[in-house]
Amino acid sequence: IEWAPEIEYASADGFALEFELPFENSKLEAYKFAAQYTFGTALDNRFIDGAQVIIEPATDFEIWELTFLYLAGIEFGDHWSALGMIGCRPEIEEGEGVEHTDGLLNVTVFRDIGYFTTLGLETNFTFGEKDRTTFLLMPQVDHEITDSFEIQFGTGVGFSIEATEPIMALRVIYSR
């Protein structure tokens, strides 16, 4: 079971910082720091784009993953929207330098089905050497319980050269 408590703080309009602790079962695997900046909006605020940088050292600080992403979101009318991310993730090993760099592509399509509920279909493609190339397909639902609490749940399948695995995700979000 992989799980990761995180805290995100929007320190200014269009800029946010995040700290996350990725666990596998009860073992802390890494420390994850991220910064996200919004470039702006267009098309009567129906388009938004920005960038995100993620720094993720393993707990022994011998392997570091860096992620660089361009993000773009668009609304197609009152009920449909999409979010896309494209970027790369180099992995750096202490004393060795860059071990490899994978490409990343994520496209998620959303459909609002009510004031409090949104359905989504996420695709996530990581491409590199064949043993690191993966594809995720995950239908999901996001439900706002109160102004401060929401739950996201998804179940899907992950594909790699080694296996096809069922995947389930649950996120509980509190915001102020």
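Criteria and thresholds
Residues numbered from 1 in each chain as written. Predicted model: local features only at pLDDT ≥ 70, side-chain atom pairs only at ≥ 80, totals over all residues. Heavy atoms only, no water. Helix = DSSP H or I, 4+ residues; strand = E, 2+ residues; numbered from the N terminus. Buried < 20%, exposed > 50% of the residue type's maximum accessible area, 1.4 Å probe, protein only. Contact = heavy atoms within 4.5 Å. Areas by Shrake-Rupley, 256 points an atom, 1.4 Å probe, with all protein chains shown as cover. Lys, Arg positive; Asp, Glu negative; His and termini not counted. Charge placed at Lys NZ, Arg CZ, Asp CG, Glu CD. Phe/Tyr/Trp six-rings, centres within 6.5 Å; stacked < 30°, edge-to-face > 60°. Salt bridge = Lys/Arg side-chain N within 4 Å of Asp/Glu carboxyl O. Pairing = 2+ DSSP bridges. Axes fitted to C-alpha atoms, helices over the stretch in contact; angles between N-to-C directions.

*Asks:* Explanation requested: the overall build of the protein chain in the structure shown.
*Replies:* Helix and strand counts for the protein chain stand at zero helices and 14 strands. Taking the principal axes of its C-alpha atoms as reference, the protein chain extends roughly 50 × 40 × 30 Å. Here the protein chain, with 176 residues, has 24% of them falling under the buried criterion. Partitioning the intrachain contacts of the protein chain with sequence separation of at least 6 by distance along the chain shows that 27% fall at a separation of at least 24. With an accessible surface of roughly 11,700 Å², the protein chain has 60% of that area assigned to carbon and sulfur atoms. The positive charge centre, built from 9 side chains, and the negative charge centre, built from 32, are 4 Å apart in the protein chain.

*Asks:* What is the right way to look at the packing of aromatic side chains in this model?
*Replies:* How two aromatic rings sit relative to each other is given by the distance of their centres and the angle of their planes. With the rule as written, the count across this model stands at ten aromatic pairs. With a centroid separation of 5.9 Å and an interplanar angle of 45 degrees, the aromatic rings of Phe 61 and Trp 64 are classed as tilted. Accessibility expressed as a relative area gives 41% for Phe 61, which makes it partly exposed. Among the aromatic residues, those joined into a ring-pair cluster are Tyr 31, Phe 61 and Trp 64.

*Asks:* Could you clarify how one ought to interpret the side chain of Glu 18 in this entry?
*Replies:* For Glu 18, the location among the structural elements is in strand 3 (residues 15–20). One buried charged residue, Glu 18, remains without a salt bridge, the closest side chain of opposite sign being Lys 32 at 5.2 Å. Not counting residues within four places of it along the chain, the set of residues in contact with Glu 18 comprises Glu 6, Ile 7, Glu 8, Lys 32, Phe 33, Ala 34 and Gln 52.

*Asks:* What is the right way to look at the sheet that holds strand 13 (residues 149–160) in this model?
*Replies:* What the eleven strands build is an open sheet, ordered 2-3-6-7-8-9-10-11-12-13-14; its pairing is antiparallel. Here the strands that pair on one side only, and so sit at the sheet edges, are strand 2 (6–12) and strand 14 (164–174). Averaged over all pairs of adjacent strands, the angle between strand axes in this sheet comes to 15 degrees, irrespective of strand direction. Pairing of strand 6 (residues 32–42) with strand 7 (residues 47–57) involves nine bridges; the strand directions are antiparallel.

*Asks:* Can you walk me through the sheet that holds strand 1 (residues 2–3) in this structure?
*Replies:* Within a beta sheet, neighbouring strands are joined by backbone hydrogen bonds and run either parallel or antiparallel to one another. As summarised here, the arrangement of the three strands in space is 1-4-5, forming an open sheet in which the pairing is antiparallel. Strand pairing shows two members of the sheet lacking a second neighbour, strand 1 and strand 5 (27–28), which therefore form its edges. In terms of strand pairing, strand 1 meets strand 4 (residues 23–24) through two bridges, oriented antiparallel. Residue pairing in the sheet places Glu 2 in a bridge with Glu 24 of strand 4.

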